[in-house]
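Working through the structure, step by step
The primary structure of each chain is shown beneath.
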Amino acid sequence: MKKRKSSGELRLDSLNKGQAVWIENTRNPDSIWEEAIVEDQTGQFVVVRSRHRGGVNLDLIQDSVFPKNPNTTQPDMTSLYYINEPCILVNLEQRSLKDEAYTFMGNVLVAVNPLKRLTNPDPKSLNPLTPHPYSVAENSFEQMLFSYENSGFSGESVNQSVVTSGESGAGKTESCKMVLQQLV
């Protein structure tokens, strides 16, 4: 498949007939995206069959159709086959439904407030690749020590920082507490 640059993002030139895709959901206020199947594509126009509108065919512009990932969730979203808005949101939603509130996007930890208390894992037995604030703290501490030991300068400190950002009520304070608990 050829790739092209369009409106600031890299997109595929063609979709395959029968391919599962995401399209914008304009009928259900509870869901932003809905599943559809590609029926045909001519140039920039794609005909899709909606799974939630009684099998109705819709004519859409290709830029509004996004390939769907296989039905798996990933602890690190850089492992998703397709990285686009609906695939990221669905991955976060599916992990949240399984009480997995944390997901990596490379070295960035994305937290979804579960709106309920979840049990924290034992920091000592936590795999460093498991998305959790304990992992972020442990990784930054290890990188600080590794960088310091390999800098060649005795007495030279190597700083690390953990940035916590989010909307009000998103869980920033709880995440910061967990990072500090792991570091102290």
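Before reading further, recall that the structure is shown in the block above.
Here is a short report on the structure shown in this document. (Residues numbered from 1 in each chain as written. Predicted model: local features only at pLDDT ≥ 70, side-chain atom pairs only at ≥ 80, totals over all residues. Heavy atoms only, no water.)

Thoughts on the nonpolar core
Put simply, the rule is: Only buried residues count toward a nonpolar core. Its members are Ala, Val, Leu, Ile, Met, Phe, Trp, Tyr and Cys residues joined through side-chain atoms within 4.5 Å. For the exposure calls, accessible area comes from a 1.4 Å probe over protein chains only, and a residue counts as buried if that area is under 20% of its type's maximum, exposed if over 50%, partly exposed in between. Helix and strand assignments follow DSSP, with helices taken as H or I runs no shorter than four residues and strands as E runs no shorter than two, numbered in order from the N terminus. The contact criterion used is simple: two residues touch if any of their non-hydrogen atoms lie within 4.5 Å.
Formed by Leu15, Val21, Ile23, Ala36, Val38, Val46, Val48, Leu58 and Val65, the largest nonpolar core amounts to nine residues. Residue assignment for this core shows that the elements contributing at least two residues are β3 (20-24), β4 (33-42) and β5 (45-50). Residues in contact with Val46, not counting those within four places in the same chain, are Leu15, Val38, Asp40, Gln41, Leu58, Asp59, Leu60, Gln62 and Val65.

Topic: the pattern of salt bridges
Threshold: In the sections that follow, a salt bridge refers to a side-chain nitrogen of Lys or Arg positioned within 4 Å of a carboxyl oxygen of Asp or Glu.
Enumeration over the complete set of coordinates arrives at six salt bridges. Where Lys68 meets Glu35, a salt bridge forms, and the shortest distance between an N and an O atom there is 3.7 Å. Separated by 33 residues along the polypeptide, Lys68 in the loop between β7 (65-67) and α1 (85-97) and Glu35 in strand β4 bring together distant segments of the chain. Residue class for Lys68 comes out buried when judged on its relative accessible area of 13%. Glu39 is the partner of Arg49 in a salt bridge, and the nearest nitrogen-oxygen pair spans 2.9 Å.

Re the pairing of strand β9 (residues 108-111)
Threshold: By definition, two strands form a pair when at least two bridges between them are found by DSSP.
Here strand β8 (residues 102-105) pairs with β9 via four bridges, running antiparallel. Residue pairing for β9: Phe104 is matched across the bridge by Leu109. In this antiparallel pair of consecutive strands, β8 and β9, the connection spans two residues, and Gly106 shows a positive phi of 70°.

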